Amino acid sequence: MSLYSLQFVLFLLAALAAYFAVGRFAGRGQWVVLLVASMGFYFACGWQNLFFILFTALTTWLVGLALSRLDQASKEARDQAADRAQKKALKAQFQRRKWLVLLAALVVNFAVLGYVKYWNTLLGFLGAQDTFLASKLLLPLGISFYTFMSVGYVIDCYNGKFPPERNFARYLLFVSYFPQLIQGPINRFDDMVTQLYERHSFDMQNARSALLLIGFGLLKKYAIADVLASIISNSLDTIDTGTPGSVIVFGILLYTIQQYGDFSGGIDMVRGVSQLFGIQMADNFRQPYFATSLADFWRRWHITLGTWMRDYVFYPLAVRPSLLKLNKWGTAHLGKHVGRTLSACIGNVVVFLLVGLWHGAEVHYVLWGLYNGVVIAASDMLRPAFAGLSRVLHVNVDSAGYRVFAILRTFALVNVGRYFDRLADSGDLMLAFKNTIVNFNPGSFMSYLHMHPTTNFTACMALAFVGCIIVFCVSVARERGVDANARILAAPAPLRFALYGLVMAMVGLSFSVGATGGGFLYANF
Amino acid sequence: MPTSSATCTKRSFAPAAKLLVALVFLTLVNAAMSFAFEPYGSKSQLVWTDYTAQEQLDTVVVGSSVMQHALNPDVFDEAAGAVSYNMSTPMQTLIESFVGIRTAYEDHGITRAVLSLTPEVMNWTTDRPNPGSVFLTQRAKVVGPLEAAKTWSYVTFDKGGVTGPNSLNCFLPWVSNHTPAKPNRVLKNIKMKLDGTSMYKASEVNEPGWIYRGRGCGNRDSVLDYDSDEARTNFDRADISKVNVRSEAMLREIAAWCQERGIDLVAVGVPMPVYDVLGRFDQYCKLQDRIAAICSDAGVDYYDFNLVRPELMQIPPESFCDYAHLGNQGSIAFSQALGRLLVERDKGEDVRALFFSPDEYRASIGYISAVFVDVGSQADGVHVHARAFAGSQVKVSYQLCEKDGDGWREVATWQDSPDFVYAPASHGTCKLRVNVRVAGSSEPFEHYREFTAVY
């Protein structure tokens with residue numbers, strides 16, 4: 001179900017009306033309306049996929065209960081134990097059982113995700129994509145997102161972070177809450193549990209803020225990302241020896257803008273939709289292009305995936321005895337700094353390799369993940385060397401100028417990574433890097449674009465430019481700690497209305513000049 | 001001092017009043033955008049405005065721009081003895097054609113509908129119904145709000161238009177229907193709306209060279225230049241061999257609806273430039289076979305005028321004014337031919353004999369229609385693959401030249417192979433040209449294509 005459609009608007013209005021009516025007249029049970037709406041949404045997006053989400057929800061819910069039962073059994077057994085040694089043995093025994101249950105949950109759920117997401121790609125590597133082994137299943141909507149959310153829930157239950165949800169229907173709502181199904185964010189159970197089930201009354205101020213967020217998302221998605229799509233395709237889809245590096249750099253820069261506009265715009269829209277129900281979903285972006293290092297970028301971009309990886313992969317990995325032993329070895333042989341960062345570096349490389357695989361099983365995603373992991377690991381490892389260099393060159397790393405330099409440096413590093421992300425064919429990728437370096441050829445820039453014409457090129461670029469200026473201004477304000485939404489809502493009516501009119505005009509114009517209203521780049525994850 | 005109940009009332013009405021003000025404001029912005037961007041004198045506006053002036057009709061012609069260019073009702077009526085109106089509009093979908101037929105039936109009780117079936121209409125799967133299309137928006141202005149709402153509801157809810165972005169954009173009419181996104185065109189559009197320019201004049205200003213012939217038909221006097229980029233194709237990258245499910249269902253629905261009302265539905269394929277037919281000939285034939293099978297199954301006669309024999313209609317290359325449309329001369333020939341065909345058909349004659357089979361058609365083309373080129377750069381130079389479109393009996397020779405001052409320098413002599421590799425001295429751009437002629441011909445060339453290569 002497309003967010004930008006009458007179907008979704010009618011669905012949303014009906015859900016909101018039912019939600020607040022139930023809240024007002026029944027006083028409780030609003031979450032049931034959300035559950036029905038979420039199931040309805042998922043059904044409308046392809047009823048066959050209901051099986052997958054129900055399977056994931058059911059298995060992880062049961063595992064949460066089983067882990068809790070094992071905790072209880074362990075406690076009871078230990079209470080009856082004769083001595084400390086027996087208690088310790090019992091604890092270890094139950095811990096092992098819990099671990100096996102957790103492992104089973106992880107294997108089953110990641111196997112389902114792996115099958116629908118990677119099986120055909122794997123067969124492609126083996127040259128068997130046209131055999132009977134090939135899966136005809138389409139990727140169920142949001143499966144990566146809800147699988148990660150469910151697995152996070154199970155791991156948190158395993159770690160005793162919170163008691164498991166005993167009501168399956170309530171848990172199913174957490175997994176299937178419709179605004180998060182399209183492209184995330186990857187919400188956490190403890191962040192959502194109270195909000196999803198508590199009573200919410202209609203609040204005009206909240207609704208205005210939510211609508212503003214939706215409008216901002218529409219602007220980013222349609223007036224920036226979508227209008228650039230054809231220009232990017234024409235710049236990057238037919239790379240050969242003659243494609244000037246200048247065109248490739250241009251295409252990659254636009255792709256960087258498109259990615260942000262599409263993904264963060266979509267997230268703004270779904271967060272706004274959720275906010276209409278009074279439910280705040282996790283934020284996924286914090287002005288990522290103002291990051292001063294690649295590590296900082298990943299703390300600002302797709303935040304919920306980053307924190308998921310940090311909590312459930314990086315930390316457990318970094319404290320593995322084998323890696324701690326490696327740290328000790330590093331300290332002894334390579335110095336204190338290396339020893340301290342060695343496990344973190346390995347953890348980063350592994351995490352980003354997984355992030356790459358999360359995007360897809362294709363080689364270019366793996367390379368993209370490795371690129372990010374290796375650059376972050378190397379910058380960690382070489383931090384003392386950089387600090388020394390700054391001292392030698394008398395660079396004031398606290399100055400505004402250095403901050404701007406760091407932002408631009410990070411932006412360049414991110415853009416290099418986009419080559420891996422955008423160019424799926426390894427040959428094209430190598431050729432693109434080669435042409436960028438040895439055949440930049442700015443003189444042929446315009447000729448090439450004329451040979452690969454884009455309808456309404458100037459209008460698309462102008463629209464995206466104005467959109468970027470608006471996004472930049474809002475981002476600067478947010479970076480300075482200003483609540484841009486609140487400021488706009490408090491602005492004089494003529495100014496506000498002018499802004500609303502501008503957003504409406506820009507979104508409409510985007511469809512006039514090139515936007516197709518296609519899906520989101522992250523919708524197929 | 002206001003009383004507490006007055007304060008309470010004020011409080012409860014305040015949000016509604018604010019919402020109302022916001023809606024009024026957005027409506028005004030929408031109206032202003034429509035005024036600025038909705039083109040004055042669009043082809044759909046002409047068609048619907050002129051339609052309201054028709055007093056009597058027995059035949060309606062529907063389809064996309066190819067039919068709007070192709071069928072001149074004055075010429076057709078004379079040949080067929082009919083009173084017709086051409087309701088074709090650019091990018092008209094089958095749903096819109098159906099709405100057109102229904103409107104003409106309800107208004108005039110028409111007895112015949114001529115429906116144009118182009119590869120675009122039948123094959124393109126992106127044909128999601130657009131409740132805010134130009135055709136429907138302009139129709140809404142002449143049929144009244146109730147009828148417009150009924151049609152909107154039909155397209156939106158019955159035909160699945162509710163799922164796409166157009167389901168919202170239909171409330172912003174300037175999104176689907178707008179002048180080219182250039183400031184001078186927008187200003188000109190506003191000016192024409194304000195200074196009393198007639199709708200007919202405006203339509204010719206919007207598209208210089210396009211002439212409104214009346215009763216819905218419009219086309220050009222100019223002739224397609226087969227050696228320039230004007231000679232392009234819509235189907236270069238698309239697989240046009242299949243009929244999309246939505247179009248098939250719609251065609252069957254139209255056929256059944258017409259049968260129930262005793263309307264003689266005739267489906268027609270309008271001629272395209274020869275290179276466009278030959279360029280994807282196998283796919284084209286598969287598509288035509290499928291269209292013919294669906295029509296036959298639905299009880300509709302289908303005639304593909306690309307395959308028409310010269311006895312009924314001559315289609316010389318200069319019949320076309322651009323890459324897809326017949327010019328005025330071609331339109332006159334087509335309108336006469338279609339009129340004659342229907343007269344013969346009404347008499348019960350075997351009119352199928354007036355059409356070639358696909359193989360006969362290909363053999364009947366004794367010339368090169370045009371040449372296209374595919375260009376790519378590799379380490380050893382610029383790779384050029386020329387595609388010349390000619391009949392099955394025609395052998396083609398190729399030559400590659402490079403721009404040299406004001407002239408062209410041969411860099412690869414005449415050869416049978418359409419492939420060339422040319423290595424420029426250094427990276428940069430070079431201007432090249434492929435010449436083609438029938439093998440053994442003494443002509444310097446018959447067709448050519450110039451292009452820039454970046455190496």
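Cut-offs used in this document
- Residues numbered from 1 in each chain as written.
- Chains lettered and ligands numbered in written order.
- Predicted model: local features only at pLDDT ≥ 70, side-chain atom pairs only at ≥ 80, totals over all residues.
- Heavy atoms only, no water.
- Pairing = 2+ DSSP bridges.
- Helix = DSSP H or I, 4+ residues; strand = E, 2+ residues; numbered from the N terminus.
- Axes fitted to C-alpha atoms, helices over the stretch in contact; angles between N-to-C directions.
- Contact = heavy atoms within 4.5 Å.
- Buried area = accessible area lost by both parts, 1.4 Å probe.
- Salt bridge = Lys/Arg side-chain N within 4 Å of Asp/Glu carboxyl O.
- Polar contact = N/O pair within 3.5 Å; in protein donor to acceptor, adjacent residues only side chain to side chain.
- Nonpolar A, V, L, I, M, F, W, Y, C, P; charged D, E, K, R; others polar.
- Buried < 20%, exposed > 50% of the residue type's maximum accessible area, 1.4 Å probe, protein only.
- Domains from an automatic or database assignment.
- Parallel < 35°, antiparallel > 145°, perpendicular 65-115°, else oblique.

(A) Spatial organisation of the sheet that holds strand β1 (residues 59-62) of chain B. All names here are of chain B. Strand order in the open sheet made by the five strands is β2-β1-β3-β6-β7, with parallel pairing throughout. Among the strands making up the open sheet, the edge pair consists of β2 (84-86) and β7 (301-304). Put simply, the sheet's adjacent strands are angled 20° from each other on average, direction ignored. The pairing of strand β3 (residues 112-116) with strand β6 (residues 264-269) spans five bridges and is parallel. Considered in β6, the bridge of Arg112 is made with Asp264. Packing against the sheet, helix α15 (residues 281-297) makes contact with β6 and β7, and its axis sits at approximately 160° to β7.

(B) How the structure looks around the interface of chain A and chain B. Across the contact, 33 residues belong to chain A and 36 residues belong to chain B. Sorting the residues of chain A by area buried against chain B places Leu6, Phe497 and Met504 of chain A first, and these three jointly supply 24% of that buried surface. Taken together, chain A and chain B are joined by zero salt bridges. Along the contact surface separating chain A from chain B lie eight residue pairs in polar contact (both at pLDDT 80 or more). The element best represented in the side of chain A that touches chain B is helix α21 (residues 493-513) of chain A, accounting for 11 residues. Grouping the amino acids of the side of chain A that touches chain B by side-chain chemistry returns 17 nonpolar, 15 polar and one charged.

(C) Structural detail: the sheet that holds strand β8 (residues 368-378) of chain B. Residue and element names in this part refer to chain B. Taken in spatial order, the three strands line up as β8-β9-β12 in an open sheet, and their pairing is antiparallel. The sheet is open, and its two borders are formed by β8 and β12 (419-422), each paired with just one other strand. If you compare each strand with its neighbour and ignore which way they point, the axes differ by 20° on average. Pairing of β8 with strand β9 (residues 381-390), which is carried by 10 bridges, proceeds in the antiparallel orientation. Within β9, the position partnered with Gln378 by the bridge is Gly381.

(D) Structural context of the pattern of salt bridges. Residue and element names in this part refer to chain A. For the structure on display, the rule yields 42 salt bridges over all chains. Of the charged contacts, one joins Lys98 and Asp71 as a salt bridge, the two residues approaching to 2.9 Å between their closest N and O atoms. Taken together, the residues Lys98 in helix α4 (residues 84-125) and Asp71 in helix α3 (residues 50-79) connect sequence positions 27 residues apart. For the salt bridge of Glu479 with Arg300, the shortest nitrogen-to-oxygen distance reads 2.8 Å. Within this pair, whereas Glu479 is found in helix α19 (residues 457-479), its partner Arg300 is found in helix α10 (residues 294-300), the two being separated by 179 residues in sequence. Overall, Glu479 belongs to the partly exposed group, its relative accessible area being 25%.

(E) Layout of the domain arrangement of chain B. Residue and element names in this part refer to chain B. If you check the domain split of chain B, you get domain 1 (43-362) and domain 2 (368-454). The C-alpha-based centres of domain 1 and domain 2 are spaced at 36 Å. Of the roughly 1100 Å² buried where domain 1 meets domain 2, counting both sides, 51% is carbon and sulfur surface. Seen at the junction of domain 1 and domain 2, the total is one salt bridge. Residue Asp229 is joined to Arg449 by a salt bridge in which the shortest nitrogen-to-oxygen separation is 3.4 Å. Among the elements that make up the side of domain 1 that touches domain 2, the one with the highest residue count is helix α14 (residues 274-279) (four residues). Class assignment of the residues belonging to the side of domain 1 that touches domain 2 gives a composition of five nonpolar, three polar and five charged.

(F) The packing of α3 of chain A against helix α5 (residues 143-158) of chain A, seen in detail. Residues and elements named next belong to chain A. Axis separation between α3 and α5 bottoms out at 9 Å; the angle between their running directions is 5°. The pairing of α3 with α5 is recorded here as roughly parallel in orientation. Residue-level inspection shows Phe52, Ile53, Thr56, Thr60, Val63, Gly64 and Leu67 of α3 in contact with α5, the latter providing Ile143, Tyr146, Thr147, Ser150, Tyr153, Val154, Cys157 and Tyr158. For the contact of α3 with α5, a count of residues per class yields 10 nonpolar, five polar and no charged.

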